[in-house]
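Geometric and topological summary
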Amino acid sequence: PWLVLRQIGVDFTETLVELRQADNQTRAGILPHSPSGLVPALKDGDLVIVDSLAICEFLADRFPNAGLWPADLALRALARSATCEMHSGFQALRQECPMALEIGVQPKELSDAAKLNVERIQEVWSDLLKRSGGPFLGGSFGIVDAFYTPVATRFRTYGVALTPECQAYVDALLARPDFLAWAAEA
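Everything numeric in this text was worked out from a predicted model, so none of it was measured.

1. With respect to the side chain of Arg 156
Note that Arg 156 resides in helix H7 (residues 143-157). Here Arg 156 falls in the buried class, since its relative accessible area comes to 19%. In this view, Arg 156 contacts Leu 101, Glu 102, Ile 103, Val 105, Leu 174 and Phe 179; residues no more than four positions away in its chain are not counted.

Structure, rendered in C-alpha cells:
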C-alpha cells in the first residue's frame, strides 16, 4: 500500500511499529492502529482498513482517476487475478526467500516447489507484459506492480535467474523513485 499511496501522490502519515518483538509486544504495538493486530492498516478518518489488498482496492475506489488498475476490462481482470495470486500464493518462494532489501546477492538453491513458483510468476509477468505492452504489468505502474515489487526484491536478493523480459521488469520496478525511497527508509 505504501507504494500505491506514493503512486497516487496523496499526503499520508506513516506510523512505524517495530516487528518481531518478544512476548506479544509486536501485537500490543499494532493494536492501537489496527483492530486485527496485523499490518498494514490504513486509517482514513474513523475508518480503519486492514489487509494490503483491501487497502489498495479502497484506494482504487477512492481515487478512480489514479489509474491503479488498467482501463481495459480484460487486462484489468488479469491484473486483479495476478494480484490475488501473489497475495495468497507462492508460499515456497516466500518461505525460502524472505523479503530483504539488501542489494548484495545471496545466491540460494531453491526447492522444486519454489522453482515452480518462479516459473509461474514469470508466466504471469510475460503474459501481462505482452498484453499491456509494458513496461509494467498493466502498462503503467499500478496495484499489480506494487504487489510484485517484494517478489522483485527477492529475485534480486537471492540471485534468481530470470528470462531477459522478466529481468527487465524487475529492473524497472526496482529503479522507480518510489521504490528507492521505500528501500532507503527500510
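2. Description of the side chain of Asp 178
Locating Asp 178 in the fold gives a position in helix H9 (residues 177-185). Exposure remark for Asp 178: the relative accessible area of 12% places this residue in the buried category. Looking at Asp 178, its side chain comes within polar contact range of the side chain of Arg 6, at 3.4 Å. In contact with Asp 178, other than residues within four places in its own chain, are Trp 2, Leu 3, Arg 6 and Gln 7.

3. Observations regarding the pairing of strand S2 (residues 47-50)
The two faces of the sheet receive side chains in turn, since in a regular strand these alternate between them. As defined by bridge partners, strand S1 (residues 41-44) adjoins S2 across four bridges and the pair is classed as antiparallel. Bridge assignment links Leu 42 to a residue of S2, and that residue is Ile 49. Linkage of S1 to S2, two consecutive antiparallel strands, is achieved through a turn of two residues, within which Gly 45 is found at a positive phi near 65°.

4. Brief notes about the packing of aromatic side chains
Counted under the stated rule, the structure contains six aromatic pairs. Ring geometry for Trp 125 and Tyr 148: centres 5.8 Å apart, planes at 85°, overall edge-to-face. Of this pair, Trp 125 sits in helix H6 (residues 112-132) while Tyr 148 sits in helix H7, and the two are 23 residues apart along the sequence. Where Phe 136 meets Phe 141, the ring centres are 5.6 Å apart and the plane angle is 90°; that geometry is what we call edge-to-face. The class for Phe 136 is buried, based on a relative accessible area of 12%. Under the relative-accessibility criterion, Phe 141 is labelled buried at 5%. The structure contains a cluster of three or more aromatic residues connected by ring pairs, namely Trp 125, Tyr 148, Phe 155 and Tyr 169. Above the ring of Phe 136, the side-chain terminus of Arg 176 is found at 6.0 Å from the ring centroid. Above the ring of Phe 141, the side-chain terminus of Arg 176 is found at 3.5 Å from the ring centroid.

Analysis parameters
Residues numbered from 1 in each chain as written. Predicted model: local features only at pLDDT ≥ 70, side-chain atom pairs only at ≥ 80, totals over all residues. Heavy atoms only, no water. Helix = DSSP H or I, 4+ residues; strand = E, 2+ residues; numbered from the N terminus. Buried < 20%, exposed > 50% of the residue type's maximum accessible area, 1.4 Å probe, protein only. Contact = heavy atoms within 4.5 Å. Polar contact = N/O pair within 3.5 Å; in protein donor to acceptor, adjacent residues only side chain to side chain. Pairing = 2+ DSSP bridges. Phe/Tyr/Trp six-rings, centres within 6.5 Å; stacked < 30°, edge-to-face > 60°. Lys NZ or Arg CZ within 6 Å of the ring centre and 35° of its normal.

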